[in-house]
Structures are given as C-alpha cells and as structure tokens.
Amino acid sequence: MNNCFSCFNWLSKVWRQKAAPGVGLAFVFLLASVPAFGQLTFAVNSLGDDGQEAASSGLFCFTGNIVPPQVPECTLRAAIESANDADEPVNIIFSQSIPTTNGNSQIGIETGLPFIQNQVTIDGSTHPNYQGNGNVPLRIRYTGPSSSTVSGIRFSSNGGGSGSTVNAIGIVSFTGSGILLNGGSGYMISNNAIGIVWLGGGSNAGGRIGSHGIDVNGASGTGSEVTIIRDNVITQVDGDGIHVRNGAEATLMFGNIIGLRRAGLTVFQPFEPSQIQGAGIQIAASAGPNNIIGGFGVNVVSYARSGGIIVRAPQTNITRNLIGLPPEFQPTGSFTLADYGNEDAAIILESSGNTIGGSGSATNFIGNSPVAQIRVGTGATPANNNQIRGNRIGVTPDDDNVGAQWGIDIINGNGTSIRNATIANHTFNITARGTGNVIQRNRLSLATQASIEMLGAGQIGSSDAADANRVFDSPVGIWVKETGTGITTIRNNFIGVDADGTDRGNAFGIVVSQPDNLVNIFENTIGFNEVGVRSFQSTSGIWIQGNRFGELADGTAAPNQRAVWLRVEDSQQEAVDHLIGGSIGTDLGANPAIGNVIANSTSIGVLLDQELGGNLERVTVRGNVFRNNAQGIVFRPEMNEIDPGGAMDGPNTLLNWPEFDADESSLDPATGELNYRVRVNTTSANASYPLFIDFYQHSGDTAAQGEVYLGSLVYEASAAAQWITGTLSPMASISVGDQIVATASDSNGNTSQFTLTPLTLESSEPLPDELFGDRFEE
C-alpha cells in the first residue's frame, strides 16, 4: 500500500481551490472524488477492496493509495465508508478509467461492505461499457469465507439510507442476501442482476446468493417515499427472489425477471430457466399491507421451488405478471413452455384482503404449476375475502395448454371472489372450499374432471345476467360435492352452450353429489350436454327452477340428451325433497317463471332413477314446459302402465298418473272451459292425500309431456282412486282437437309421470241436425 499523507494534502489543496479558474473539476470529479454541481460524488476507479483513508472521510473517497494513471484510489468500500460520514447525499459512480476485462469489471469483496447509513446513489450505468438492454458490466462478488453470512449491498437499520438508489449492479456469490434494506423508506432498486450476471460482451457469469435476492426488512413508506424494486434480474438464490418482511409496506415491485437468466451471448437473447430455491416473491406474515407486485410493469416469475409468489401479509395487490411463463410466451432453445413453471403453486395466498389481477392490462398470465396455479389458504391458515379478477390461468393468449391439477384451489378461505377470468386445462379449473365464495363472469373450459368443484357453500353467477359464467367442454361443468351449513346457488350461467348458441357441451352440465344443504339451480341456460343436471349418491334439497334446458331464450335449439337425471344407486343412499319447477303450495299460474323450459332432449326430459333398493322420493315436478323428442318424465324401474291402487314401490312411490275419461271430457267452445272426468288410481294408503292434479296442453308429438300449464285441482282423500268431474278455466287458450295431459303430486311432493295417453279434446256442443239430413226419412 502506498500510504501517502502528502496525497491527502494535495487533494485538500484541490478542494480549497475548486472554484478557482483553471482547476480541472471534471478531472477531480472522475478521479479524485470531490463534490461537483452541488452533489457530493465519489467515482470508483479501482477493483480493490481497501477502506477509506480516515482523515478525508466524508469529503473525499481515497484509500491512501495511488493507482494508474497516478491518481488517488477510490474503491467501492471506501466510497461507502466516506459516504456514511458525509453530511449530505452522495452519488457513487464508476470512473471511465476503472479496469476492465473483456469490457467488464468485477470487484472482489473479502468481508462485508459497510452498512450504508446515508442517502446514496450507487449507479452502475455510469460504467464506461454500460449499454442498457440488461447489460450489467459492473459486478461485485463475495470472495470471503462461506462460514460468514454476508449480504452484498446493505443498508443500516437506522433509516439513514432512506431515499437511496442502487442501479445496474451485478451482485453474486454472497452468503447472505444480494441487497438488504434494513429500515428506512423511499429506496429505488433497479436494473440490477443478482445471482447471475449477464455480461453483454462475453458470458453469463455469477454465483449463487445464499439467502434472498432482495431482502426488504422493514423498509416502507407511502406517497413519494415508497420503496420501488424494478427491472431487476434475480436468479440462483437459495432464498426468495424478493422477500418483504417486518412491517415493510407499500413496496412497489414491477418489471423484474425472477428465476430466469439470459440464454445467449447478446443482450437481445431470450431468457431460460435458472432456479430460485425459495419463492420468486414472498410477502412474509410480518410485512405490512398494501405491497404491490406488478401493476406498473410486468414481473416474470418462473422456476421457483417454493412457489412463484407467496403472500402471508394482508392487502397485497398482484397485477400484470407472467407467472410460470417466459417473456412474450416464447420459450428459449430446447426449452418448452412447461419448463418455466414454478415447482409449487404460482400464487399462494395465506392472508386476507388481497387482490390478484384486474381488468385490461392488469391481467396476470399464470401457468405450468404442477399442483395449483393459485392456492388460497392452507389447512391451518385461512385466507378470507380475497379478490381474484381478470386473470388468464392455464392457457396462453395463443391457447397453448399450460394447465395443472388446479387453476384456483381454495383450501381454506371464505368470501373469495373469482371474476372475469379465463381458466382452462386443469383437472379442476376451480375448487372452492369454505363459505361465501363467489364465482362470476368467468370462461371455464377443458377441465379433465370438472370446471368448478364446490366443496362448500357459495355462489356461481347471480341474479344479474351480466354475472354469467361460461362453463364448457369438460366431463363435468359444475360439481357440487359439499355445501356445509350454507346454500350453494348456481344462477344465470351458460353451461355447455355459449350465449351465441355455439356448442361447447360437457358430459354433465351440473352434478350434485352428497351436499349437506340446499342447492339452488336457477335461471341457467344448459345445452349440448349429455346430461344437463345430474345427482347421485345421497342428496337433499336440490331446487331446479327457471332454467332453460336445450334451447336459448330466442328459441335456438341446444339439445341435451337428458335434461335432468336424479339417481340413487344402492340401499344406503337416499335422494329426497327436490324441486323441478314449483313446489306443493306454489301458485303456478301466478309464478310462471319458476318453471323450467325442458326442450329438445333427445333421450328423456327428467329421469328419476332408483337402483338396488335406494330411496328416491319427494321429487316435485310442477309448472314446467316440456317440449322434447322423448317422454317428459320417466321413472326407472320403468312404469309403463297404471298400478291399480298404487302399491308398488319405486321412485316417487311410483305414484300413478291421472287418467282421463275421454267420453266424459270435452271443451266448451263458447266459454273455452275444460269439462273433465279424471281419477288417480292410488288409494289413500299408498299416497299422502290430498293430491294435486296439474293440467297441461300436450306438445303435440307422440311423447307423454306437457308444454303449456293450464291449471290445477285438488284431489281429496275422500275421492281416492275414484273418478271425479269438474270444470277448469284454462290459463291458456285451447281448442278442439288439442291434447291434454296431467301429472299428480301428493302432499309429500311426489310427482307422477305425465298421462301416458293424452286426452284429445272434443266439443261439448251437440252436432247440428243438418249434418244428418234425411238419412232416416222414408
């Protein structure tokens, strides 16, 4: 070491004369590290690691050594030490004379650099070979013992470094974190390469970081004092790419590339995977609220072993990110899209009140996670009232399949809102546990089991038609397995058919199996499925009302094979108390919208299927429009004829359908009234009286079904199995030659099949004499 006190005297003389004519201030600015332009600036001109000469600290950067071309040496360590003693903010730049190899400069650090206690700007873009475009020719590398935990650039917990900037620095091989922000606020961490450095003129060079890429430890702020972490490349770290903790709030993280590195030898080469051992970004439970991931620019988060983004603190906003996907959705070289996935979920929420996505450019693109793309809560940790909106999950803009087992998996969360998403190509596009979860305005397709799996009470769609989900192209569109103590409502959705009539059929539109409470299926359009609604195993309280099966509102056909299929499979199963249309006691005439349109089914309209001694009863089917290519209501075991007295057992107690006496039934053309003679041949011992007989105008084909509801009558126990006569003023106009069918429902809600042989209406008026003429005259 050339320890030269006369050099310091020389620098002091220059400082005293800095305003005198003829003094080379630019020379001093770059080589002697003196104040210029009202801002104290130190220019690093050496790759050494010596510290600051004590006598000049706070005024100059000077180690006491002279370096070629015979100028005072300023190392990065000396610049930080002197900056800590300065009374004003300091710029640390890199001299045009700093030594380079192949255009790049590496500073070896044997012991930890000083904790920064003053506002500084460390700007690697001042390196003479800096070209932008991700080129970082200046890097610092830890060369000390691995037994010490040493972070690269680190700020003191006293907050004195608030407002500092670290820009365009490569940081490698440190046993601690790449950049450590302890306390303070208003930091700008930008354009750095951490863990592996892209050297634009040569090669990838670097070394793993032992902890986090960037560790935000309590550094927070609001307004103009927020901490910004932007446009960094972070990879090959043993912790998280970015870790936010200890009360840090309102941190803005955008434009970062995490888990990838440059693939080739020019700065324009694309990125390839390079693993993060922890999470790409983690907001720890100790962090504060209102941290923002994305928003102002796109983060790319890939190839992280513990998950892409983990959020354990509340009110974090995650928007405008690519998670598990390469930039511009283009893999590099021999890599495929699947190689860019994170090893756990893309996003893991373990806190409440967070927002993932938004509208327009706020969309997140998420794919390639092996288990779940978004996981909400854990078995022990609830995550409630989170908003998941406007994301594209499991499918790229070019419709490439980047799906997984789950698109969104709500493990432990209530009040989750999932809206305006496109989710495809998963085993389950959405699985929802908990209560109060709301799924609206999504396009869900191409699941290998079910697009929506409900394991708790929630809402799919709403009373507002604009909230409709489109649920397509899957073995099961919506599968309700459990409801807990609440009610699940499926309302105003398009299931198997798009709003324009496009065939996007599922095998089963809606399946209900073993719910614990009521399931409402209201006002949906259900078409092009093998079965529109199916239940199996033990079920109770499925209400199917106001839906359109097999056609759109404008009458466009969208046929299902079967509209509704309710089934029990063995003696341990029971399916009871279901409604298809109106209930017993409902005024069907005053509530026509409660009925379903069941149209264009190619096999059966409604099938009640009881196997192997199970119990399927109290299924009420009233006030619907049946207009199919097959029988409207069918029991299995089949019931093709009246069972006198009604003693047989089967679905809905195999209640007999009403029979008409054609000779004693007619239409009065003058009044439009129906004169009927009708009976239900079931004794009071085999049905719960009174019965309710609903009259319908037959649809006109050969199948037993009713299209237009005409009215009802009460069939009392005193008349059980007996013929009764009466007059009905129908609610719709009918004419001579029309056909009439009916169903019977007992007081427990068991509804029969439709009258197997329709009544053809004849006029009640006698034929005029002139039709007979004088046929019998002599």
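Every chain is numbered on its own, with residues counted from 1 as its sequence reads. Reporting in this predicted model follows two pLDDT cut-offs: at least 70 for local features of residues, and 80 or more for side-chain atom pairs to be given and counted; totals over whole chains, interfaces and linings ignore these cut-offs and use all residues. Think of the side-chain values as coming from all heavy atoms in the structure, minus any hydrogens and water.

Undergrad: Any chance you could explain the layout of surface pockets here in plain terms?
TA: If a probe as big as a water molecule is rolled over the atoms, it shows which places are left empty. Lining residues are those with an atom within 4 Å of a point, where the points come from a 1 Å grid over the protein atoms alone and group into cavities, where a 1.4 Å probe fits but cannot get out, or pockets, open sets with protein on both sides within 12 Å along at least five of seven lines. Grid points are joined across faces, edges and corners, and a volume is the space filled by probe spheres set on the points. Taken as a whole, the second largest pocket holds about 270 Å³ of empty space. Taken together, 19 residues form the lining of the second largest pocket, with P592, A593, G623, V625 and Y709 sitting closest to its centre. When residue character is reported, Ala, Val, Leu, Ile, Met, Phe, Trp, Tyr, Cys and Pro are called nonpolar, Asp, Glu, Lys and Arg charged, and the others, Gly included, polar. Split into classes, the residues belonging to the lining of the second largest pocket amount to 9 nonpolar, 8 polar and 2 charged.

Undergrad: Can you help me understand helix α3 (residues 76-85) in this one?
TA: It helps to recall that an α-helix has 3.6 residues per turn; residues three or four apart then point in one direction. A large share of α3 lies buried, amounting to 8 of its 10 residues. Along α3, the residues that are buried comprise L76, R77, A78, A79, I80, S82, A83 and N84. Where α3 is buried, its residues touch β1 (40-44), β4 (90-94), β5 (105-109), β6 (120-123) and β7 (138-142). Here's how the labels work: a residue is buried when its accessible area is under 20% of the maximum for its type, exposed when over 50%, partly exposed in between, all with a 1.4 Å probe on protein chains only. The helix and strand labels rest on DSSP assignments: H or I over at least four residues marks a helix, E over at least two residues marks a strand, and numbering proceeds from the N terminus. Contact definition: two residues touch when any of their heavy atoms are within 4.5 Å.

Undergrad: What is the right way to read the pairing of strand β53 (residues 562-568) from this model?
TA: On a regular strand, one side chain projects to one face of the sheet and the next to the other, so that they alternate. Taking burial as the measure, the 7 residues of β53 include 7 buried ones, the bulk of the element. In this scheme, strands are said to pair when DSSP sees at least two bridges between them. Across 4 bridges, the pairing between strand β49 (residues 531-536) and β53 is parallel. From the neighbouring strand, S535 faces β53, where its bridge partner is L566. For β53 and strand β56 (residues 604-610), the ladder comprises 6 bridges, and the chain directions are parallel. Its bridge partner lying in β56, R567 is registered against D609.

Undergrad: Got a minute to help me understand the confidence of the model for the chain in this structure?
TA: Detailed conclusions should not be drawn from predicted coordinates in areas where pLDDT is low. Per-residue confidence for the chain averages 90 on the pLDDT scale, and 91% of its residues sit at or above 70. This stretch, residues 1-37, has a pLDDT under 50; its non-local contacts, to residues over four places away or in other chains, come to 62 contacts. Ignoring residues within four places in sequence, the model shows residues 771-778, a span with pLDDT below 50, making 1 contact including any to other chains. Confidence scores labelled pLDDT are given residue by residue by the predictor and lie between 0 and 100.

Undergrad: Hey, could you run me through the state of the cysteines in this one?
TA: In protein chemistry, a disulfide is the covalent bond that joins the sulfur atoms of two cysteines. The disulfide criterion used throughout: a pair of cysteine sulfur atoms within 2.5 Å. Inspection of the entire model under this criterion finds 1 disulfide. Disulfide partner of C61: C74, at an S-S distance of 2.0 Å. What sets the handedness of the C61 and C74 disulfide is the S-S torsion sign, and at about 95 degrees it is right-handed. Pair noted here: C61 is in the loop between β1 and β2 (66-67) and C74 is in the loop between β3 (71-72) and α3, with a separation of 13 residues, a long-range link. Assessed through its relative accessible area of 0%, C74 is described here as buried.

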